Amino acid sequence: MKSYPIYQVDAFTDHLFGGNPAAVCPLKSWLPTEVMQQLAMENNLSETAFFVQHNDEFEIRWFTPEVEIDLAGHPTLATAFVIFNILKLAKHRIQFKSKSGLLIVEKKDDWLVMNFPSRMPEQVHNIPHHLLKGFNIAPQSVWKSRDYLLVYPNESTIQQLIPNFVELNQLNTLGIIVTAEGNETNFVSRFFVPNSVIGEDPVTGSAHATLIPFWSKVLNKQQLTAKQISKRGGTLLCEMHHERVHISGKATLYMKGEYYLAE
């Protein structure tokens, strides 16, 4: 048996048991895809990140318990936290090669700033029946990029939403974002994942690649504050930067250990 290091980090929070937990697995070289998928299933967190370092650059891949995905925010933040704070990278800037292109994370004091591609949604006029039946309150409007984006009138409505996964599981989408202007922040959101053990994701960095350009245009602001108002909750600082978005958050280490695979 061969051992490999693993870390569990709470992302988008400055305290334990908040934010969104992610598993982070450093590798010397890539494991077979099916093995990484099995490890993500075994970890049973919303995402497990694997990374391999090549000189000054890192490759990163993300897996839910069911599938590999093309972009994930909180496990990228968690991975950067491990590289900066545990592996003690001397630099203050990380370049990740990913399926969504080059991702950059910079360390600024206690904040980690992710530079992600912007995913501006387009309005959906022919709204799927199962999407409308999927929540107890109808949205004001529906949009879509990778994920559906449902817009509501206020933060209180977002808190009152109850998903019906019998309906939502009929949809062919990775996720469903619900959002509104916030009481104390520029906007709030929640994120639901059909056909998944995740259900509601606590804090979803990749959703903000859609939320930031949307709210930047609606509010005519480049810099925005955001909260994902799940049970665990998370705080994000956001910025629209040309065709990119900057997503900033904090993270904290929960656990470190080893897992074992047959050689």
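Described below are features of the structure shown in this document. (Residues numbered from 1 in each chain as written. Predicted model: local features only at pLDDT ≥ 70, side-chain atom pairs only at ≥ 80, totals over all residues. Heavy atoms only, no water.)

### Focus: the pattern of salt bridges
Now for step 1: Tallied over the full model, the rule gives eight salt bridges.
Now for step 2: A salt bridge links K91 to D56; its shortest N-O distance comes to 3.1 Å. Highlighted residues: K91 in the loop between α2 (74-85) and β6 (93-98) and D56 in the loop between β3 (48-54) and β4 (57-63), separated in sequence by 35 residues.
Now for step 3: Taking the relative accessible area as the measure of exposure, K91 reaches 44% and is therefore partly exposed.
Now for step 4: On the accessibility criterion, D56 (56% relative accessible area) is exposed. (Salt bridge = Lys/Arg side-chain N within 4 Å of Asp/Glu carboxyl O. Helix = DSSP H or I, 4+ residues; strand = E, 2+ residues; numbered from the N terminus. Buried < 20%, exposed > 50% of the residue type's maximum accessible area, 1.4 Å probe, protein only.)

### Let's talk about the packing of aromatic side chains
Now for step 1: Here the structure, examined in full by the defined rule, presents ten aromatic pairs.
Now for step 2: Where F58 meets F96, the ring centres are 6.0 Å apart and the plane angle is 55°; that geometry is what we call tilted. On the criterion of sequence distance, the pair formed by F58 in strand β4 and F96 in strand β6 is long-range, its members being 38 residues apart.
Now for step 3: An aromatic cluster is present here, built from W143, F187, F214 and W215 joined pairwise through their rings.
Now for step 4: In this structure, K144 is placed above the aromatic ring of Y148, and the distance from its NZ or CZ to the ring centre is 5.0 Å. (Phe/Tyr/Trp six-rings, centres within 6.5 Å; stacked < 30°, edge-to-face > 60°. Lys NZ or Arg CZ within 6 Å of the ring centre and 35° of its normal.)

### Here we look at the environment of V52
Now for step 1: With respect to the element layout, V52 can be found in strand β3.
Now for step 2: Along the backbone, V52 and K28 are 24 residues apart, and their C-alpha atoms lie at a distance of 5.8 Å.
Now for step 3: Apart from residues lying up to four places away in sequence, V52 is in contact with L27, K28, S29, W30, E57, F58 and E59. (Contact = heavy atoms within 4.5 Å.)

### Some thoughts on the side chain of S206
Now for step 1: Within the secondary structure, S206 sits in the loop between β14 (199-201) and α6 (208-219).
Now for step 2: Here R146 takes part through its side chain, which lies 2.8 Å from a polar atom of the side chain of S206.
Now for step 3: Non-local contacts of S206, meaning those with residues more than four positions away in its chain, are made with L71, A72, G73 and R146. (Polar contact = N/O pair within 3.5 Å; in protein donor to acceptor, adjacent residues only side chain to side chain.)

### Some points on unusual backbone geometry
Now for step 1: One non-glycine residue, N195, lies in positive phi territory at about 55°.
Now for step 2: Relative to the helices and strands, N195 resides in the loop between β13 (187-193) and β14.
Now for step 3: The residue N220 is not glycine, and still its phi comes out positive at about 55°.
Now for step 4: Note that N220 resides in the loop between α6 and β15 (223-228).

Worth remembering: the numbers are spatial, not functional.
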